Amino acid sequence: MPASIQGELQPTIYRFKLGGFEVATIMDSKVIREGLSPSFGGEPAAAEVKALAAANRIDANRYQHPFTPFVVNTGKELVLFDTGNGSLSAENEQLKGRLPPGNLVARMAEAGYKPEDVDVIVITHGHPDHIGGLTKAGAPVFPKARYVFGAADFDFWKKGENVREARKFNRELYVKICLPLADRSTFIKPGDEVVPGITAVDAFGHSPGMLAFMIESEGKRLLNWADTCGHYVVSIQRPDLHLDVDDDKDKAAATRKRILDMVASEKLFVAGFHMPFPGLGFVEKTGNAYRWVPHSYQLNL
Ligand SMILES: [Zn+2]
């Protein structure tokens, strides 16, 4: 009997030490999307995006879009950054087929973390794939957690002014999921500390008040840049290209360039929510060009 075909298998948990902290990136889910162009850069950049794809040996149209929350155990508190898609697609007709079901709780369990172990949940920004796992059927999924939101982002979604058409349903979700959590939440701005060793960084643009986070322990540093870059080739090699899911497109592009420059010049390691799993790497700058370099073993030594 020949061996049977087992099907695709990809890792979904990656745990490592960062100084005195333990960090785990956990893939909540992934989806194959069509339309690398025009999603990135619109029609005017179609030929360039196609050429970039060919040069980087990736498909010019279909791309894998992972959703990767991550956990930092500081030794005192367990901090979860973002919550993936949760049961959004099951609970909302509008999202069926657009967002995959989330697996965060099951995969956190494989990594050794129970929902009640989570002390702090940091929401980098209010888009569905980041807030979707906060609640299930209206009840908090992480029963003991307190919440940290960017003040500007929370205000934007709460007020609901100047929400573009494509984000109107996102705003409804935000009102339903996040506003009821306000009395267990703190609201921070760039430069504020979440817990000792974790500090917010301005990443406004993709969502009007998105925050990135510098995580530092015993001299080791890692930047969680959230959705600053949506694709590991296009967003990094052409940070100026507008992305359809960026809310403030000019600001998002300016933020991308500023953060890419910081990451490259300070030689920082990065955790990116939509970077290829395990979502870790660094950015190399040659002349004016940036390139994503995936993590190999540097954080495991
Ligand atoms: Zn996202």
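Overview of the structure. These numbers come from a predicted model, not from an experiment. (Residues numbered from 1 in each chain as written. Predicted model: local features only at pLDDT ≥ 70, side-chain atom pairs only at ≥ 80, totals over all residues. Heavy atoms only, no water.)

**Re the sheet that holds strand E6 (residues 78–81)**
Under the convention used in this document: Should DSSP find at least two bridges between two strands, the strands are regarded as paired. In this text, helices come from DSSP runs of H or I with a minimum length of four residues, and strands from runs of E with a minimum of two, each type numbered from the N-terminal end. Each axis is a line fitted through C-alpha atoms, and for a helix only the stretch in contact is used; angles between axes span 0 to 180 degrees, taken between their N-to-C directions.
Strand order across the open sheet formed by seven strands is E1-E2-E5-E6-E7-E10-E11, with mixed pairing between neighbours. A strand with exactly one partner marks an edge of an open sheet, and here the two such strands are strand E1 (13–18) and strand E11 (185–188). Taken pair by pair, the neighbouring strands of this sheet meet at an average axis angle of 20°, ignoring direction.

**Structural notes on the sheet that holds strand E16 (residues 269–272)**
Strand pairing in a sheet is mediated by backbone hydrogen bonds. Such pairs are either parallel or antiparallel. Rules: We call two residues in contact when some of their heavy atoms are within 4.5 Å.
Read across the open sheet, the seven strands follow the order E12-E13-E14-E15-E16-E17-E18; overall the sheet is mixed. The open sheet is flanked by strand E12 (193–195) and strand E18 (289–294), the only strands paired with a single partner. Averaged over neighbouring strand pairs, the angle between their axes works out to 35° when direction is ignored. Here E12 runs beside strand E13 (residues 198–202); their pairing, made up of two bridges, is antiparallel. If you follow Glu193 over to E13, its bridge partner there is Thr199. Sheet contacts for helix H9 (residues 249–265): E13, strand E14 (211–217), strand E15 (220–226), E16, strand E17 (280–286) and E18; angle to E15, the most-contacted strand, approximately 165°.

**Description of the pairing of strand E4 (residues 63–67)**
Which entries qualify depends on this criterion: Think of it in three bands: residues with accessible area under 20% of the maximum for their type are buried, residues over 50% are exposed, and the middle band is partly exposed, with areas taken using a 1.4 Å probe on protein chains only.
For E4, the tally of buried residues reaches four of five residues, placing the bulk of the element in the interior. Two elements, strand E3 (residues 29–33) and E4, share five bridges in a ladder whose sense is antiparallel. Within E4, the position partnered with Lys30 by the bridge is Pro66.

**Here's the deal with unusual backbone geometry**
Note that the residue after Ser37, namely Pro38, is joined by a cis bond; omega there is 15°. Residues Phe277 and Pro278 are joined by a peptide bond in cis, for which omega reads 10°. Note that Pro278 resides in the loop between E16 and E17. The phi dihedral of Arg57 falls on the positive side, at around 55°, and the residue is not glycine. One can find Arg57 in the loop between helix H2 (46–55) and E4. Judged by its relative accessible area of 72%, Arg57 is exposed.

Any functional reading would require information that these geometric values do not contain.
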